[in-house]
Amino acid sequence: MKIDIQKVSKSFGLFPALDDVDVTIPSGELVALLGPSGSGKTTLLRVIAGLEVPERGRVFFGDLDVTQSAVRGRNIGFVFQHYALFPHMTVAQNIGFGLRVRKYKKKDIAKRTDELIELMQLHGLGNRLPAELSGGQRQRVALARALAPNPAVLLLDEPFGALDARVRQDLRRWLRRLHDQIHVTTVFVTHDQEEAFEVADRVAILNDGRIEQVGSPDEIFDDPANAFVMDFIGGANVLQGHLESGAWRFNDLVLPHHKDFGATGSATAYIRNKDIRLSCAPNGSPFFHATVTDARRVGLVVHATIHPQGSAEPLFAEIPHDDWSSSGFKVGSPVVASVKRAQIFQ
Amino acid sequence: MTQKRSVSESKASRVFLTAIALVFLGVVLIIPLALVFHTAFRDGLEGYLGALADPDTLSAIRVTCIAVAIAVPCNILFGFAAAWSITKFEFRGKRLIVSLIDVPFAVSPVISGMIFVLLFGADSFLGPWLSDHGIRIIFALPGIVIATTFVTFPFVARELIPVMQMQGAEQELAALTLGASPWQMFRLVTLPSVKWGLFYGSILCAARAVGEFGAVSVVSGHIRGETNTLPLHVEVLYNEYHFSCAFAVATLLILIAVLTLGAKATAELMERRTRPQRELPLKEAKP
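Before going into details, it helps to say that this report is about the structure given with it. (Residues numbered from 1 in each chain as written. Chains lettered and ligands numbered in written order. Predicted model: local features only at pLDDT ≥ 70, side-chain atom pairs only at ≥ 80, totals over all residues. Heavy atoms only, no water.)

Our next topic: unusual backbone geometry. Residue and element names in this part refer to chain A. Positive phi is not limited to glycine here, since Asp20 has a value of about 55°. Assessed through its relative accessible area of 39%, Asp20 is described here as partly exposed. For Asp208, which is not glycine, the phi torsion reads 50° and is therefore positive. Inspection of the secondary structure puts Asp208 in the loop between β9 (202-207) and β10 (210-215). (Buried < 20%, exposed > 50% of the residue type's maximum accessible area, 1.4 Å probe, protein only. Helix = DSSP H or I, 4+ residues; strand = E, 2+ residues; numbered from the N terminus.)

Looking now at the interface of chain A and chain B. As a measure of interface size, the accessible area lost when the parts come together is often cited. In this complex, chain A contributes 37 residues to the contact, which on the side of chain B involves 26 residues. In this assembly, chain A packs against chain B so that about 3100 Å² is buried in total across both faces, 62% of it on carbon and sulfur atoms. Per-residue buried area on chain A facing chain B is highest for Arg72(A), Pro87(A) and His88(A); these three make up 18% of the total on that side. One can count zero salt bridges joining chain A with chain B. One can count four residue pairs in polar contact (both at pLDDT 80 or more) joining chain A with chain B. Taken together, the elements giving at least two residues each to the side of chain A that touches chain B come down to β6 (76-79), α2 (91-100), α4 (135-147) and α5 (165-182) of chain A. Element by element, the count of residues in the side of chain A that touches chain B is highest for α4(A), at five residues. Residue classes in the side of chain A that touches chain B are distributed as 20 nonpolar, six polar and 11 charged. (Contact = heavy atoms within 4.5 Å. Buried area = accessible area lost by both parts, 1.4 Å probe. Salt bridge = Lys/Arg side-chain N within 4 Å of Asp/Glu carboxyl O. Polar contact = N/O pair within 3.5 Å; in protein donor to acceptor, adjacent residues only side chain to side chain. Nonpolar A, V, L, I, M, F, W, Y, C, P; charged D, E, K, R; others polar.)

Take the pairing of strand β8 (residues 185-190) of chain A next. All names here are of chain A. In terms of burial, β8 is largely enclosed, as six of its six residues are buried. Side-chain alternation along β8 places Thr185, Val187 and Val189 on one buried face and Thr186, Phe188 and Thr190 on a second face that is also buried. As judged from the five bridges shared by strand β3 (residues 30-34) and β8, these two strands associate in the parallel manner. The residue of β8 that forms the bridge with Ala32 is Phe188. Pairing analysis gives five bridges linking strand β7 (residues 153-157) to β8, with the strands arranged parallel. Across the sheet, the residue bridging to Leu155 is Val187, located in β8. (Pairing = 2+ DSSP bridges.)

With that out of the way, let us pick up the packing of aromatic side chains. For the structure shown, the criterion picks out 19 aromatic pairs over all chains. Taking 5.4 Å as the distance between ring centres and 10° as the angle between the ring planes, the aromatic pair formed by Phe228(A) and Phe232(A) counts as stacked. Of this pair, Phe228(A) and Phe232(A) both sit in helix α8 (residues 227-232), four residues apart, roughly one helical turn. You can call Phe228(A) partly exposed: its relative accessible area is 22%. An aromatic cluster is present here, built from Phe78(B), Phe116(B), Phe120(B), Phe150(B) and Phe153(B) joined pairwise through their rings. Taking the ring centre of Phe86(A) as reference, the NZ or CZ of Arg145(A) above it sits at 4.5 Å. Above the ring of Trp84(B), the side-chain terminus of Lys88(B) is found at 5.4 Å from the ring centroid. (Phe/Tyr/Trp six-rings, centres within 6.5 Å; stacked < 30°, edge-to-face > 60°. Lys NZ or Arg CZ within 6 Å of the ring centre and 35° of its normal.)

Residue and element names in this part refer to chain A. Along the chain, Lys259 turns up in the loop between β13 (253-256) and β14 (265-271). Its relative accessible area of 35% is what places Lys259 among the partly exposed residues. In this structure the C-alpha to C-alpha distance between Lys259 and Pro286, which are 27 residues apart in sequence, comes to 17 Å. Ignoring anything within four residues of it in the chain, the contact list for Lys259 reads Gln343, Ile344 and Phe345.

Residues and elements named next belong to chain A. Tracing the sequence through the fold places Leu315 in strand β18 (residues 315-320). The exposure class assigned to Leu315 is buried, which follows from its relative accessible area of 2%. Separated by 284 residues in the primary sequence, Leu315 and Val31 place their C-alpha atoms 34 Å from one another. The contact partners of Leu315, leaving out residues within four places of it in the chain, are Asn237, Leu239, Ile276, Phe288, Ala304, Thr305, Ile306 and Pro308.

Residue and element names in this part refer to chain B. By the definition in use, this model includes zero disulfides over all chains. Cys245 carries a free sulfur, and the closest cysteine sulfur to it, the one in Cys65, is 20 Å from it. Note on Cys245: relative accessible area 25%, which makes it partly exposed. (Disulfide = S-S within 2.5 Å.)

Let's shift gears to the sheet that holds strand β15 (residues 276-279) of chain A. All names here are of chain A. In space, the five strands of this open sheet follow the order β15-β19-β16-β17-β18, with antiparallel pairing throughout. Strand pairing shows two members of the sheet lacking a second neighbour, β15 and β18, which therefore form its edges. Recorded for the sheet is a direction-independent mean angle of 45° between the axes of neighbouring strands. (Axes fitted to C-alpha atoms, helices over the stretch in contact; angles between N-to-C directions.)

Count 3.6 residues to each turn of an α-helix, and residues three or four apart come out pointing the same way. In this model helix α4 (residues 55-88) of chain B runs 49 Å from its N-terminal to its C-terminal C-alpha over 34 residues, within 8% of the 50 Å that 1.5 Å per residue would give. For α4(B), the capping residue at the N-terminal end is Asp54(B), with a side-chain oxygen 3.0 Å from the backbone nitrogen of Asp56(B). (Expected span 1.5 Å × (residues − 1).)

With that settled, consider the packing of α2(A) against helix α3 (residues 106-119) of chain A. Residues and elements named next belong to chain A. Between α2 and α3, whose axes approach to 9 Å, the crossing angle comes to 130°. Comparing the axis directions of α2 and α3 gives the class oblique. For the element pair α2 and α3, the recorded crossing hand is right-handed. Listed contacts from α3 to Ala92, Ile95, Gly96, Leu99 and Arg100 of α2 are Ile109, Arg112, Thr113, Leu116 and Ile117. Its residues assigned to classes, the contact of α2 with α3 shows six nonpolar, two polar and two charged. (Parallel < 35°, antiparallel > 145°, perpendicular 65-115°, else oblique. Left-handed = near helix turned anticlockwise from the far one by under 90°.)

Another point: the packing of helix α10 (residues 154-167) of chain B against helix α12 (residues 182-211) of chain B. Residue and element names in this part refer to chain B. Their axes nearest at 7 Å, the elements α10 and α12 cross at an angle of 160°. When the axis of α10 is compared with that of α12, the two are roughly antiparallel. α10 and α12 meet at a crossing whose hand is right-handed. Contacts between α10 and α12 involve Phe155, Val156, Glu159, Leu160, Val163, Met164 and Gln167 from the former and Thr190, Ser193, Val194, Gly197, Leu198, Tyr200, Gly201, Ser202, Leu204, Cys205 and Arg208 from the latter. A breakdown of the residues in the contact of α10 with α12 according to their chemical character gives 10 nonpolar, six polar and two charged.

So, on to the pattern of salt bridges. All names here are of chain A. Applying the stated rule across the entire model yields 24 salt bridges over all chains. Glu52 serves as the salt-bridge partner of Lys10, at 3.9 Å between the closest nitrogen and oxygen. Separated by 42 residues along the polypeptide, Lys10 in strand β1 (residues 3-12) and Glu52 in the loop between α1 (41-49) and β4 (56-61) bring together distant segments of the chain. Overall, the relative accessible area of 16% leaves Glu52 in the buried class. The partner of Lys274 in a salt bridge is Asp275, and the shortest N-O contact between them spans 3.4 Å. Each of Arg172, Arg173, Asp192, Glu194, Glu195 and Glu198 takes part in a single network of salt bridges with overlapping partners.

Next up, the structure:
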């Protein structure tokens, strides 16, 4: 089911958690809400669920306006960060809860519960209490419980936040595969970029209660909508330069741009560490002269610190280790730093 | 084992400390208890049973039972409502309510009794109206019930508030997102998750209601066979030098205390078994 959020605002006291948010979540997609803490991503999820009522704006499921509907009428599945399993019920009773309160027959509940235990790979755990499960198992029980009544929309709040790194890695691949199997419209909240980009079809970036950009992982990486997104995703070197005759300039570095900026003025270029290449001579890309001041190997890459000529601010480059060792550069070497790609924002 | 010993006291001081504890327990608890039973059975089993079967004793048991049977359900209801509103909602004056719940603990029971005499007694402003309508509260059963309820009302709320606070609202919200009605949420999720806390609070409340002396003493008027509760009856018998009868009735109160302790231990054990999951360490698991 498509979810349409139109001009939604919500504040807690004086703190505006959501400020005029517009976003559409296409039917059957897996969408991540990504943002720093306090950006409003969890509030947005809870507005979709009906756990919070927006002060302004509307929420549509398909063509149906659900802004004022109670939680129980929305047919959603919600997975809480800390699972919120019912501790006095077994795994099977937890999973069957949504069917039990809908007055399904015992036989049908048992059948559906078995199906989900199968789907979630929880074989043999049906009679355990939540306290007897590991974190990853609890999370899958929570997911099974949310999916049992066949919700139109599945909502997950930091679903892997409370798990350790290994389990988190496994579970998110598994969530992706699961979504490919069942295709329920899914929205999940995360502050972990890797998680968002690995799992989601589309990522919505939130900041200060506003949507900064919505797009596929590729779009967000390659074409960030603004400086916040660029800075938030992956981090980058930040250079203050000025605009002159259709290009951005900083010392001897000249970056052409296609944006509709004014003819002159200052502008900021964001260059990702991995988009800086070091060589002995220019290779056609925009470049600047610099000196290597530090180089450290971190696994398969070398983190190099370079000082552009005529500037005190260092820049950081990430060079594949093989390239670095074949180039023969050392600390102190003069280099030509080419910029493969940069984003310029005024 | 060796590691444990290296961080604990020397053997001599352990024996010494344990001995102090045992002697103290013996002097203030075990010897007095033994004496109660010894005195109770001084006139033999027949004397003991005779004391219990006395019409005045039976009447005291009846009055106590009625007081408990009304006070405990009232306080369960009140305690639940108070704990619910305090833990699930934010509102002004919440702190004040939390403090007010403790008033019966803070005020001497005798004062509590006096308050009700001042409120409902013959000389109070409600007094004339009550006597015009033939309602007797002070020196009658209603007074005893009201005083008992007042003195015991913090128990259930005090037990439930921390339990509900620890659990938070997530499980209940989860129930709502799964399609439960508010009543289903309460019956299937809220109530089971606090049931041992509720049970324990009720047991403490009942034990206190049975044993309440001060407040009830003020409002009851000590009318034998009518408004005497068990503790009041013990006092009357004692003051009249019927020692073995007084102690025989006292053994009933001790019995109730022992049952309370047993129920408390059970409740704590059961609660530990279903403690909220997030407190347990997360184990590594393959999904």
